[in-house]
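Report on the structure
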Amino acid sequence: MAAVNDQKIGRRLPGTGFGFPVLGGQLLYGRTLVAITAAGMAVKPDHADAVAVVGLSEERVDNSTGADGDITVEVEGGVWGIPVAGATIADKGATVYAADDNTLQLTNAGGELAAGTLKMIDADGHWVDLG
């Protein structure tokens, strides 16, 4: 429905993370890619039940011996310096895919999840917007 008055909507500033419960049996390393399942549980992007990449973990969380949701991982989106295999400046704006929790690539050869967009390549590396 179209607005008929001013709206009050929430806002999160860049650098503000989200917390996700971690699936039992998962060890998520700090500053690695995190995905979620359809039930909203945090997993590695190459987990069989992963449906969407949600950002980078703020720190290491170990739920390898815990039950679903025993711990929470804080995850941040934004633009990060993450290498993208085979990328050149000509790939600026391309969608990048998560092969695993630490590998981004330009191709989706095996059903990998889209992780973000290659924003820039400069002297400091590859810059990926994880949303």
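It should be noted that the structure appears before, not after, this text.
Residues numbered from 1 in each chain as written. Predicted model: local features only at pLDDT ≥ 70, side-chain atom pairs only at ≥ 80, totals over all residues. Heavy atoms only, no water.

The strand order β1-β7-β5-β3-β4 describes an open sheet built from five strands, whose pairing is antiparallel. At either end of the open sheet lies a strand with only one pairing partner, and these are β1 (18–21) and β4 (42–43). (Pairing = 2+ DSSP bridges. Helix = DSSP H or I, 4+ residues; strand = E, 2+ residues; numbered from the N terminus.)

Our next topic: unusual backbone geometry. Working note: non-glycine residues mostly have negative phi, and peptide bonds are mostly trans. You will see that Arg31, though not glycine, has its phi angle at about 55 degrees, which is positive. Along the chain, the position of Arg31 falls in the loop between β2 (26–28) and β3 (33–37). The class of Arg31 is partly exposed, set by a relative accessible area of 41%. (Buried < 20%, exposed > 50% of the residue type's maximum accessible area, 1.4 Å probe, protein only.)

This next bit is on the side chain of Thr32. Mapped onto the elements of the fold, Thr32 is located in the loop between β2 and β3. Side-chain polar atoms of Thr32 contact the backbone oxygen of Tyr29, separated by 2.6 Å. (Polar contact = N/O pair within 3.5 Å; in protein donor to acceptor, adjacent residues only side chain to side chain.)

For the structure shown, the criterion picks out one salt bridge. When the shortest N-O distance is used, the salt bridge between Asp101 and Lys44 registers 3.9 Å. A residue pair is termed long-range when its members are at least 10 positions apart, and Asp101 in the loop between β10 (95–100) and β11 (103–105) and Lys44 in the loop between β4 and β5 (50–57) qualify at 57 residues. Looking at Asp101, the relative accessible area reads 13%, which means it is buried. What makes Lys44 partly exposed here is its relative accessible area of 23%. (Salt bridge = Lys/Arg side-chain N within 4 Å of Asp/Glu carboxyl O.)

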